[in-house]
Amino acid sequence: MWSCRGSKIAVGIAALLILIPYSGALPKCDRNDEDCRDRLMHPETPEPRETIKPVLEGEESNEYWINIGKDFIAKKLATPFNEKKAKNVIMFLGDGMGLTTVAAARNLLGGEEKQLSFNDFPYTGLSKTYSVDKIVSDSACTATAYLCGVKAQEGTIGLNGDVEYGSCEKGKDRNTWVYSIGKWAQDAGKSTGVVTTTRITHASPSGVYAHIAHRDWENDEEITEACGSDSGLEDIAYQLINGEVGSKLDFVMGGGKKHFIDSQLYENGKRGDGLDLIQQFKDQEGSRNLYVETRDELMSANLANFDRVFGLYQDDHMLYHLETNESTNQPTLEEMTRKAIEFLSRNDEGYFIFIEGGRIDLAHHQNYARMALDETVEFSKAITAAKEMTNEEDTLIVVTADHSHAFSYNGYPYRHSDIFGTAPANGNDGKPSMSVSYASGPSYERFFNVEKAEREDPTSFITGDRYDRFPAAWPLEDETHGGEDVGVYASGPWAHLFTGVYEQNTIPHLMGYASCLGSGLQMCNQKK
């Protein structure tokens, strides 16, 4: 993929990233002329400064901004530490939801000054997302960190840092297994659940219940191909239905039906062992299990009549929100969240649930900025629902991301301008530049003409369609993750512990402390 482009990639990168004034190129600066270089860094935009007016009433005054500062301080001072035991713990994971994604998504709410639901949480921190072997991590090893409390190697799930990606032998050694806060909660008698918009066997949700050396081993055929037919390893889907933790989950929803059924039993099935794991779930002796495949089935079910609920709404990942309509009959993340909390709240001992907005990440990988930011807004709606349905006095809600993306939000756009529109200043080639773009990804070939060694006009391809791909500076089949720290937002008992900058694997230990789960420090055991 790289050899056919050669050094022309560098030309494309330069053309994409350098901005200059709308009227044309400024003279080149001498190397030591900092004043000249400063002017190039902050180009004049085509609209005269005198025509730019404050977006919101009062913004032109000192008082407006001073009052914002005063109000924030007053709010902080009026928020006492909650040091009660957390009966319930809800962990929300925005897959790939880096800080740039959060900031850009606010524009979809009506302006950059708006807040996503979790932006209003009283306590925030940053987690460091690197893994044992990689500076920039993936969703598998990060799930092990933020759910199990230890860092691991890329691509592995529920295993310690000694296991290499794809190691058949080490992966089945139970001495390398690490368990999630989901198991800690089950051991304490709490109800547990997993909800995602990806396949339920995908990297992030499987961190709750699986132990596997390769994130792609979602069905038995994948393991057979990699490790042989007699490896003794259990695939991720099998572990969800029959595993130590998966078999005890009370509420499970997402996509990925294809990994649960043999290809001879279901047209789109991927298994080769003759099993129908969904039927196994339905037939489990002595249990009242509900299985659903549509929004209508979920919304009409009387959940009080069932002990466990399992929903698979697509053969693969669930559809992007922007792909859905009434005919797709797929529940939203908010609807699944509401049903999950309603169902799990029946347990007097409380519950732990992991809820993932997983398609933020998948959209970014394809340079689908419009989809990614819309998924972020949908994720925020689910968190709003959780706040409405729970009591901050006894429910700890933690919102975070597993990693960031190589996603950029730049170009000096005007306030309240279309985040998906062009930046005010054109590039050095006189062609428009977009306010959002990527460092890498599949859109490169569309926006850079390799034969002519020049950029294409991006407005020729970005038309407002939900599948618009935004510019990438260098070619890759999938855009990459980003390695910067990600935000952690907390509300409820002991939420104040989530401030600061810390290792990602600290997160489940903090949740365990607040809810008296696991073998680490617990607030229940601390002397007053």
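What you are looking at is a predicted structure, and each value in this text was computed from that prediction instead of being measured.

Enquirer: Where do I start with the nonpolar core in this structure?
Expert: Nonpolar side chains in soluble globular proteins tend to be buried together. Counting 64 residues, the largest nonpolar core has L147, F260, F310 and F498 as the members making the most contacts within it. Setting aside residues no more than four positions away along its own chain, F498 makes contact with T124, G125, L396, V398, V488, A490, I507, L510 and M511. M97, A105, I355 and Y438 belong to the second-largest nonpolar core, a separate cluster that totals 54 residues.

Enquirer: I tried to follow the sheet that holds strand β4 (residues 251-255) on my own but got confused; where do I start?
Expert: Within a beta sheet, neighbouring strands are joined by backbone hydrogen bonds and run either parallel or antiparallel to one another. Taken in spatial order, the 10 strands make up an open sheet running β5-β6-β4-β3-β7-β1-β8-β16-β2-β17, and their pairing is mixed. The open sheet has two free edges, formed respectively by β5 (289-292) and β17 (500-503), since each of these has just one partner strand. Strand after strand, the sheet turns through a mean of 15° between neighbouring axes, direction not considered. Here helix α17 (residues 506-515) sits on the sheet in contact with β1 (88-94), β2 (123-128), β8 (395-400), β16 (486-491) and β17, set at roughly 170° to β8.

Enquirer: Explain α17 here, please?
Expert: Helical geometry note: an α-helix holds 3.6 residues per turn, so side chains three or four residues apart project in the same direction. Counting buried positions over the 10 residues of α17 gives 8, a clear majority of the element. For α17, the full list of buried residues reads I507, P508, L510, M511, G512, Y513, A514 and S515. Two residues or fewer after α17 comes C516, characterised by a positive phi angle close to 60°.

Enquirer: How should I be thinking about the packing of helix α5 (residues 139-148) against α17 in this particular structure?
Expert: For any two helices packed against each other, the geometry comes down to the angle between their axes and how far apart the axes lie. Packing of α5 against α17 brings their axes to within 5 Å, and their N-to-C directions diverge by 25°. One finds that α5 runs roughly parallel with respect to α17. Two secondary-structure elements touch here, α5 through A145, Y146, L147 and C148 and α17 through I507, P508 and M511. For the contact of α5 with α17, the residue count by class is 7 nonpolar, no polar and no charged.

Enquirer: Just to check I follow, could you spell out a negative patch on the surface for this structure?
Expert: Together, D30, D33, E34, D35 and D38 line one region of the surface with negative charge. Secondary-structure assignment places E34 in helix α2 (residues 34-41).

Enquirer: Sorry if this is basic, but what is going on with the side chain of Q186 here?
Expert: Mapped onto the secondary structure, Q186 falls in helix α7 (residues 181-187). Looking at Q186, the relative accessible area reads 14%, which means it is buried. A polar atom in the side chain of Q186 sits 3.2 Å from the backbone oxygen of V245. Beyond its immediate sequence surroundings of up to four residues, Q186 is in contact with T192, E244, V245, K248 and L249.

Enquirer: Even after reading the chapter, I still don't get unusual backbone geometry, so can you show me in this structure?
Expert: The bulk of non-glycine residues show a negative phi, and the bulk of peptide bonds are trans. The phi angle at Y412 is positive, at roughly 60°, despite the residue not being glycine. The topology assignment puts Y412 in the loop between β10 (407-409) and β11 (436-441). On the basis of relative accessible area, Y412 is assigned to the partly exposed category, the value being 41%. Of note, C516 is a non-glycine position whose phi angle comes to about 60°, a positive value.

Enquirer: Looking at this structure, I do not really get the packing of aromatic side chains. What am I missing?
Expert: For any pair of aromatic rings, the description consists of the separation of the ring centres together with the inter-plane angle of the planes. The full count for this structure, using the stated rule, is 16 aromatic pairs. Geometrically, the ring pair formed by Y444 and F448 is tilted, given 5.5 Å between the ring centres and 35° between the ring planes. On the accessibility criterion, F448 (2% relative accessible area) is buried. Ring pairing ties together the aromatic residues F92, F118, F379 and Y489, which thus form one cluster. Here the basic side chain of R370 rests over the ring of F420, its NZ or CZ set 4.5 Å away from the ring centre. The ring of F121 has K387 sitting right over it, with the charged end atom 5.2 Å from the ring centre.

Thresholds, definitions, all that
- Residues numbered from 1 in each chain as written.
- Predicted model: local features only at pLDDT ≥ 70, side-chain atom pairs only at ≥ 80, totals over all residues.
- Heavy atoms only, no water.
- Core = buried A, V, L, I, M, F, W, Y, C linked by side-chain atoms within 4.5 Å.
- Buried < 20%, exposed > 50% of the residue type's maximum accessible area, 1.4 Å probe, protein only.
- Contact = heavy atoms within 4.5 Å.
- Pairing = 2+ DSSP bridges.
- Helix = DSSP H or I, 4+ residues; strand = E, 2+ residues; numbered from the N terminus.
- Axes fitted to C-alpha atoms, helices over the stretch in contact; angles between N-to-C directions.
- Parallel < 35°, antiparallel > 145°, perpendicular 65-115°, else oblique.
- Nonpolar A, V, L, I, M, F, W, Y, C, P; charged D, E, K, R; others polar.
- Patch = residues over 30% accessible without salt bridge, like charges linked within 9 Å, V, L, I, M, F, W, Y side chains within 5 Å.
- Areas by Shrake-Rupley, 256 points an atom, 1.4 Å probe, with all protein chains shown as cover.
- Salt bridge = Lys/Arg side-chain N within 4 Å of Asp/Glu carboxyl O.
- Lys, Arg positive; Asp, Glu negative; His and termini not counted.
- Charge placed at Lys NZ, Arg CZ, Asp CG, Glu CD.
- Polar contact = N/O pair within 3.5 Å; in protein donor to acceptor, adjacent residues only side chain to side chain.
- Phe/Tyr/Trp six-rings, centres within 6.5 Å; stacked < 30°, edge-to-face > 60°.
- Lys NZ or Arg CZ within 6 Å of the ring centre and 35° of its normal.

Structural measurements only, silent on function.
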